Amino acid sequence: MPILATGSSGPSHNGFTLIELMVVLVIIGLASAAVVLAIPDPKGRVVDEAEHFAARALAVRDDAIVQGRTLAIVINGNGYAVERRAHGQWQAAKDRVFAPVNWAAGTLVTSPTSRVAFDSTGAVSDPLIVELSRDGERARIDIPGDGAARVAR
């Protein structure tokens, strides 16, 4: 009676071989590892948060140029918000685009309360450096006199 490579001795195959089970377990392990690696951290990376802040700063600068009036970003320990200069005083921007943003939980800011104002040419009178840190990861946002926000790691 011939014995097949799968270990059975005939056409009646009642179950799985050990090799078949091991192959299935390896495939399940690889698939679950891929899923775990693809799931983003719920808090996100601090560098991503810095990139988002820099992009918003550039949008505020561009809006200040288009509107021809001074806009500012106010940074505090909880997050940041956009303000417009109108009638000699700062007023919160009411656009959905410039809604206040909170930092992710655990994010620390080196300059917790500061303001960077963009004039109608997009320039900044007081350059600003904002450093974010969380869980040992750091990112720095430089806003020099020309108003072009850049992220440095």
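In this text, all values refer to a predicted model and were calculated from it rather than measured experimentally. (Residues numbered from 1 in each chain as written. Predicted model: local features only at pLDDT ≥ 70, side-chain atom pairs only at ≥ 80, totals over all residues. Heavy atoms only, no water.)

**Some thoughts on helix α2 (residues 46-67)**
- The end-to-end C-alpha separation of α2 is 31 Å, in line with the 32 Å expected for 22 residues at 1.5 Å each.
- Listing the buried residues of α2 in full gives V46, V47, E49, A50, F53, A54, R56, A57, V60, R61, D63 and A64.
- Positive backbone phi, at 70 degrees, marks G68, one or two positions downstream of α2. (Helix = DSSP H or I, 4+ residues; strand = E, 2+ residues; numbered from the N terminus. Expected span 1.5 Å × (residues − 1). Buried < 20%, exposed > 50% of the residue type's maximum accessible area, 1.4 Å probe, protein only.)

**Comments concerning the nonpolar core**
- F53, I73, I75, F118, L132, I141 and I143 are the most contacted members of the largest nonpolar core, which totals 28 residues.
- Those elements that provide at least two residues to this core are α2, β1 (71-75), β2 (79-86), β6 (114-118), β7 (128-134) and β8 (137-143).
- Here this core gets 8 residues from one element, more than from any other, and that element is α2. (Core = buried A, V, L, I, M, F, W, Y, C linked by side-chain atoms within 4.5 Å.)

**Re the confidence of the model for the protein chain**
- Looking at the protein chain as a whole, the pLDDT averages 85, with 88% of positions reaching at least 70.
- Highest mean pLDDT in the protein chain belongs to β1 (92); lowest belongs to helix α1 (residues 18-38) (85). (pLDDT = per-residue confidence, 0-100.)

**Notes on the packing of aromatic side chains**
- Scanning the model with the defined rule gives 3 aromatic pairs in all.
- With centroids separated by 4.8 Å and ring planes inclined at 80 degrees, the aromatic side chains of F53 and Y80 adopt a geometry described as edge-to-face. Here the residue F53 occupies a position in helix α2, and Y80 occupies one in strand β2, the gap between them amounting to 27 residues. This pair shows no difference in class: F53 is buried, exactly as Y80 is.
- For the ring pair Y80 and W103, a centre distance of 5.0 Å and an interplane angle of 50 degrees mean the geometry is tilted. Note that Y80 is positioned in strand β2 and W103 in the loop between β4 (101-102) and β5 (108-109), a separation of 23 residues in sequence. (Phe/Tyr/Trp six-rings, centres within 6.5 Å; stacked < 30°, edge-to-face > 60°.)

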